[in-house]
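For reference, the chains in residue letters:
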Protein chains: 4
Amino acid sequence: MTTDTDPTVAEAACFEAGIKFGTLYHQFAGTPVSPDSAASLAQAIEESIENQPHCTDVTVEVLVDELEAELADSAADYTELTGRFLEVDIVVDYEGCEVVTRMEMEDGYPLMRVESVRDR
Amino acid sequence: MTTDTDPTVAEAACFEAGIKFGTLYHQFAGTPVSPDSAASLAQAIEESIENQPHCTDVTVEVLVDELEAELADSAADYTELTGRFLEVDIVVDYEGCEVVTRMEMEDGYPLMRVESVRDR
Amino acid sequence: MTTDTDPTVAEAACFEAGIKFGTLYHQFAGTPVSPDSAASLAQAIEESIENQPHCTDVTVEVLVDELEAELADSAADYTELTGRFLEVDIVVDYEGCEVVTRMEMEDGYPLMRVESVRDR
Amino acid sequence: MTTDTDPTVAEAACFEAGIKFGTLYHQFAGTPVSPDSAASLAQAIEESIENQPHCTDVTVEVLVDELEAELADSAADYTELTGRFLEVDIVVDYEGCEVVTRMEMEDGYPLMRVESVRDR
């Protein structure tokens, strides 16, 4: 027998964390970025996503080495931001439940995952 | 004492559902939309988000009455898509756990929430 | 001696056409897309951009062959929309001046250009 | 009699300037923004758009007074970036033709226009 239930606090916290990752990725993917503009973009992404409800900390690293490697093979001096150039950690605190989440490349794809759930 | 634990299947399913909502909203918010183009935009949003992993069903309603009310007070014949003009249902199935989620306006804000979690 | 002058009608028409291309690309780049969802996305892009002022015609082709080639080498069954998968024609008519513009790949980059200006 | 002609350098420069405005608006509209995060967002927008070809200068002002006025009437402490909160100047130099362009609110809409074309 299956049952439908309301979400637990921890489940709602994980939903909130997922919203932040989808927001971050699809708001900023496609932004023109170069090694010189990577730092200001990373800071703006962190501060913009930290505005969202229940979001206590966002850490964004734009991978300048990866940018430089891509541009070395290219006629252009900038590219579009995509998951290949990003590592992101997001911490959400929802009604006392802290969820730690991370995005990094895995097998060629930007994988978003829940690292830990505290105090379920 | 607090403890950090790995997410349950249901928590991971809720995280996945949140990603879909953040993606949907921040990919498509800002799109020029009118009553005449609302239907094609709703279909494209549904089909694009259904491409994402674990996403079994997306239903998007672009609220044409709300668009028409906004445009009636306006010199323009189109506006930008935002939460005020959207109602969205997303169903995620992650490792056998089905999560039903919804976005609609509440107190003037587009509220995203988990409606139910099945088979935890 | 240099002189600053107001734009001609044709220059303003070309500015308007550029706005449509920047809008189209940066609104929709990053959208999850697969061969099955390409047609609905192309139609939604056309109808959304045609809402913009002075925009008389938008034709979007999502290159399904290119999508299929990319996905053949991939573990995923969808990807993110980017210029490699797009060919776009936009016609703007501004105060009687018709500008025909196009985006297609050239030397590995999505090149946007003015094809013709009529009736300067 | 109508004639189709290739664009002049000045027309191509205006097309390039329009691309930058459409890019700027549709890449960043929808970004969560508050008075505290306005400065980092403005800097990131400037540096990202300045990466684009022929773009010599971008000046972005996020209107903190307008943000504060909107939030004063609101239960939220942030909002989504939209034209109401932006004033932008973009200078493009294309093959020696300098085009100065601006976006600001006019009659309730974010109006993008060419201010001057130099050295046609």
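Residues numbered from 1 in each chain as written. Chains lettered and ligands numbered in written order. Predicted model: local features only at pLDDT ≥ 70, side-chain atom pairs only at ≥ 80, totals over all residues. Heavy atoms only, no water.

### Thoughts on the relation of the copies chain A and chain B
It takes a turn of 180° to lay chain A on chain B, together with a shift of 0.0 Å along the axis; the resulting RMSD is 0.0 Å. Put plainly, the chains are arranged around a two-fold axis. The share of interface residues of chain A whose copies in chain B are also at the interface is 100%, consistent with both copies meeting through the same surface. (Least-squares fit on C-alpha atoms with pLDDT ≥ 70 in both. Contact = heavy atoms within 4.5 Å.)

### Describing the interface of chain A and chain B
Contacts between the two partners involve 32 residues from chain A and, on the opposite side, 32 residues from chain B. Both faces considered, chain A and chain B share a buried interface measuring about 2,600 Å² in area, 52% of it formed by carbon and sulfur atoms. Across the chain A-chain B interface, the total number found is two salt bridges. For Arg118 of chain A, the salt bridge goes to Asp4 of chain B, with nearest N and O atoms at 2.6 Å. (Buried area = accessible area lost by both parts, 1.4 Å probe. Salt bridge = Lys/Arg side-chain N within 4 Å of Asp/Glu carboxyl O.)

### A look at the packing of aromatic side chains
Under the definition given, this model contains four aromatic pairs over all chains. Centre to centre, the rings of Phe21 of chain A and Phe15 of chain B are 6.1 Å apart; their planes meet at 85°, and the pair counts as edge-to-face. Pair noted here: Phe21 of chain A is in helix H1 (residues 9-28) and Phe15 of chain B is in helix H1 (residues 9-28), and the two residues belong to different chains. Residue classification places Phe21 of chain A among the buried residues on the basis of a relative accessible area of 0%. (Phe/Tyr/Trp six-rings, centres within 6.5 Å; stacked < 30°, edge-to-face > 60°. Helix = DSSP H or I, 4+ residues; strand = E, 2+ residues; numbered from the N terminus. Buried < 20%, exposed > 50% of the residue type's maximum accessible area, 1.4 Å probe, protein only.)

### Concerning the pattern of salt bridges
Residue and element names in this part refer to chain A. For the structure shown, the criterion picks out 36 salt bridges over all chains. Between Glu104 and Arg102 there is a salt bridge; the shortest N-O distance is 3.1 Å. For Glu104, a relative accessible area of 19% puts it in the buried group. Through salt bridges with shared partners, one network takes in Glu87, Asp89, Arg102, Glu104, Arg113 and Glu115.

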